[in-house]
Amino acid sequence: MTLKEAGIGTTVTVAKIGGEGALKRRIMDMGITKGVRITVRKVAPLGDPIEVTVRGYELSLRKADAALIEVTPA
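Notes on the structure in this doc start here. Here the structure is a predicted model, which means the values were calculated and not measured.

Let us now look at the side chain of aspartate 65. Looking at where aspartate 65 falls in the secondary structure, it is placed in helix H2 (residues 63-66). Aspartate 65 sits in the buried class, given a relative accessible area of 3%. Ignoring sequence-local partners within four residues, the contact set of aspartate 65 consists of Leu23, Arg26 and Ile27.

Next up, the structure:
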């Protein structure tokens, strides 16, 4: 399952981060690394962006970026 598919209010654990190069580095620089827990807080009316809580702060991600993050239920 990817972060894009996780429902509102769901807490998940990052299993793998897809993408390459600068894109993968940008996701990791936001604090999203393997093993970290993420809670999905909100999804915009049209589905983009997705607001999540990671490492104690709120973060907004595009659907395209969220689709690169593979997660498992926490």
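With that settled, the discussion passes to the nonpolar core. Counting residues in hydrophobic clusters, the biggest one holds 19 residues, and the most contacted among them are Leu3, Ile32, Ile38, Val52, Leu61 and Ile69. Looking at this core, the elements with two or more residues in it are strand S1 (11-17), strand S2 (37-43), strand S3 (50-54), strand S4 (57-61) and strand S5 (69-73). If we skip the residues at most four places from it in the chain, leucine 3 touches Val12, Ile38, Val40, Val52, Leu61, Ala66, Ile69 and Val71.

This paragraph deals with unusual backbone geometry. One non-glycine residue, arginine 55, adopts positive backbone phi at about 55°. Following the sequence through the fold, arginine 55 ends up in the loop between S3 and S4. Here arginine 55 falls in the exposed class, since its relative accessible area comes to 53%.

With that out of the way, let us pick up the pattern of salt bridges. Under the criterion given, the structure shown has five salt bridges. For glutamate 51, the salt bridge goes to arginine 41, with nearest N and O atoms at 3.4 Å. Placement of the pair is glutamate 51 in strand S3 and arginine 41 in strand S2, with a sequence separation of 10 residues. By relative accessible area, arginine 41 is classed as partly exposed at 37%. The salt bridge partner of glutamate 58 is arginine 41, with a shortest N-O separation of 3.2 Å. You can see glutamate 58 sitting in strand S4 and its partner arginine 41 sitting in strand S2, a full 17 residues away along the chain. One continuous salt-bridge network, built from bridges that share partners, spans Arg26, Arg62 and Asp65.

On to the environment of isoleucine 32, then. Secondary-structure assignment places isoleucine 32 in the loop between helix H1 (21-29) and S2. You can call isoleucine 32 buried: its relative accessible area is 0%. Expressed as a C-alpha distance, the spacing of isoleucine 32 and isoleucine 69, which sit 37 residues apart in the sequence, is 8.7 Å. Beyond its immediate sequence surroundings of up to four residues, isoleucine 32 is in contact with Val14, Ile17, Ile27, Ile38, Val54, Leu59, Leu61 and Ile69.

Rules used in this analysis
Residues numbered from 1 in each chain as written. Predicted model: local features only at pLDDT ≥ 70, side-chain atom pairs only at ≥ 80, totals over all residues. Heavy atoms only, no water. Helix = DSSP H or I, 4+ residues; strand = E, 2+ residues; numbered from the N terminus. Buried < 20%, exposed > 50% of the residue type's maximum accessible area, 1.4 Å probe, protein only. Contact = heavy atoms within 4.5 Å. Core = buried A, V, L, I, M, F, W, Y, C linked by side-chain atoms within 4.5 Å. Salt bridge = Lys/Arg side-chain N within 4 Å of Asp/Glu carboxyl O.

Everything listed here is a matter of geometry and, on its own, says nothing about what the molecule does.
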